[in-house]
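As a plain string of letters, each chain reads:
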Amino acid sequence: MSSSPELRLRVSEASDLTPTVRRFVLRDAKGSALPAYEPGAHIVVTTPAGHKRSYSLVEPGGAQPQEYVVCVRRDNDGRGGSVSMHDDVVVGVDLLVSVPVNRFPLKPSPRYLFIAGGIGITPVRAMVRRLRVAGRTGVQLLYLTQSAEETPFLQEFDGPEDTVHHSDDRGLLDLWPYLAVPDDDVRVYCCGPAPLMRAVQRLTPHWRMSRIHMEEFTAGPAGMSLPFTAVWAATGRRVKVPAHLSLLAALRRDGIRVESSCEAGICGTCRLAVLGGEVEHRDSVLTEGERLSSVMACVSRARSAELVVGPHGNGGSV
Ligand code: FES
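An unreviewed UniProt entry lists the protein chain under the name Phthalate 4,5-dioxygenase reductase subunit, with Kibdelosporangium banguiense given as the organism. Per UniProt, the protein chain has the following entry under Cofactor (unreviewed entry): "FAD".

Okay, structure coming up:
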């Protein structure tokens, strides 16, 4: 399991920002300051129904924040985490949350171009607010949503450097005019659904890679998936992992039990030990050091033709 410490925080506010997006404010019950964080950070929340879900912190943070604020879009077709947050979390409820983790940090730059799709606005809002409160200019925002009704924080983004685009009204926005000319003085930060991320990737091969920063709503499969063979070290059993199945699903299909929770690479439950082969890590939970000997079976895959794995603490058994 991930060794991140957990906090028990109380929900002190809960309100709807749009028909599907709800905002939650979490504070220490005794009023103590919370662990520090910087824009781009997220916390992993255990919902009342027991799901672990990663949510970006929408405020700019700092050294001693008094609260963590997250926004959750309800997905009735999802795996239940957002529905539990919407239906089960009310003011006064205590939730277990991880300390903030930041895998999408805001780096220094003369200028910025932020591209946010839908609920992907959450880490971007924290970054834009941090920069603008500090008086920075050259902070351009493209905020892409379906409709004005489904645009959290709409009223905040009406400045000269903001473009808020609703696809229901005007179709998809052509991003090329914003990305055609690479500029080493600009960092591009993009957060949103996979099609938006892929579009930005397609349009920026001529940019210096270090200037492009991406974060999907959740960690998870990215890029092309190739088949490989997993070898369960304890028994030597060889398990085919086809391109369309996760390592976790393939092991289970062959009768090997591996615990899981989020199945999105964020909670640490499905961690396995790696005893041979090379991993393509796609999770958001392991540290660089942990990646040398572990793999999150729900999202990560093999770079090599074979990957030898076995139980790690919480397990996996035949
Ligand atoms: S089940 Fe949560 S990281 Fe795999």
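Draft legend 1. Region of the structure containing the overall build of the protein chain. Per the secondary structure count, the protein chain includes 6 helices and 18 strands. Over its C-alpha trace the protein chain gives a radius of gyration of 20 Å, about what one expects of a compact globule, namely 20 Å for 318 residues. Dimensions of the protein chain along its principal axes, counting C-alpha atoms only, are 65 × 50 × 35 Å. Expressed as a percentage of contacts within the protein chain between residues at least 6 apart in sequence, the contacts between residues at least 24 apart total 65%. As displayed, the protein chain offers around 14600 Å² of accessible surface, 51% of which is attributable to carbon and sulfur atoms.

Draft legend 2. Region of interest: the environment of Gly-92. Assignment of secondary structure puts Gly-92 in the loop between helix H1 (81-88) and strand E6 (94-98). Between the alpha carbons of Gly-92 and Val-11 there is a distance of 5.3 Å; along the sequence they are 81 residues apart.

Draft legend 3. Molecular detail of unusual backbone geometry. Unusually for a residue other than glycine, Phe-153 sits at a positive phi of about 65 degrees. Among the structural elements, Phe-153 can be located in the loop between strand E8 (139-145) and strand E9 (162-166).

Draft legend 4. Up close: the sheet that holds strand E14 (residues 271-276). The strand order E13-E12-E18-E14-E16 describes an open sheet built from 5 strands, whose pairing is mixed. With one partner strand each, in any of the chains shown, strand E13 (237-241) and strand E16 (294-296) form the two edges of the open sheet. Each neighbouring strand pair of the sheet contributes to a mean axis angle of 40 degrees, computed without reference to strand direction. Across 5 bridges, strand E12 (residues 228-232) lies against E13 in antiparallel orientation.

Conventions and cut-offs
- Residues numbered from 1 in each chain as written.
- Predicted model: local features only at pLDDT ≥ 70, side-chain atom pairs only at ≥ 80, totals over all residues.
- Heavy atoms only, no water.
- UniProt positions renumbered as here; feature names shortened; annotations may be inferred.
- Helix = DSSP H or I, 4+ residues; strand = E, 2+ residues; numbered from the N terminus.
- Rg over C-alpha atoms; globule rule 2.2 N^0.38 Å.
- Contact = heavy atoms within 4.5 Å.
- Areas by Shrake-Rupley, 256 points an atom, 1.4 Å probe, with all protein chains shown as cover.
- Pairing = 2+ DSSP bridges.
- Axes fitted to C-alpha atoms, helices over the stretch in contact; angles between N-to-C directions.

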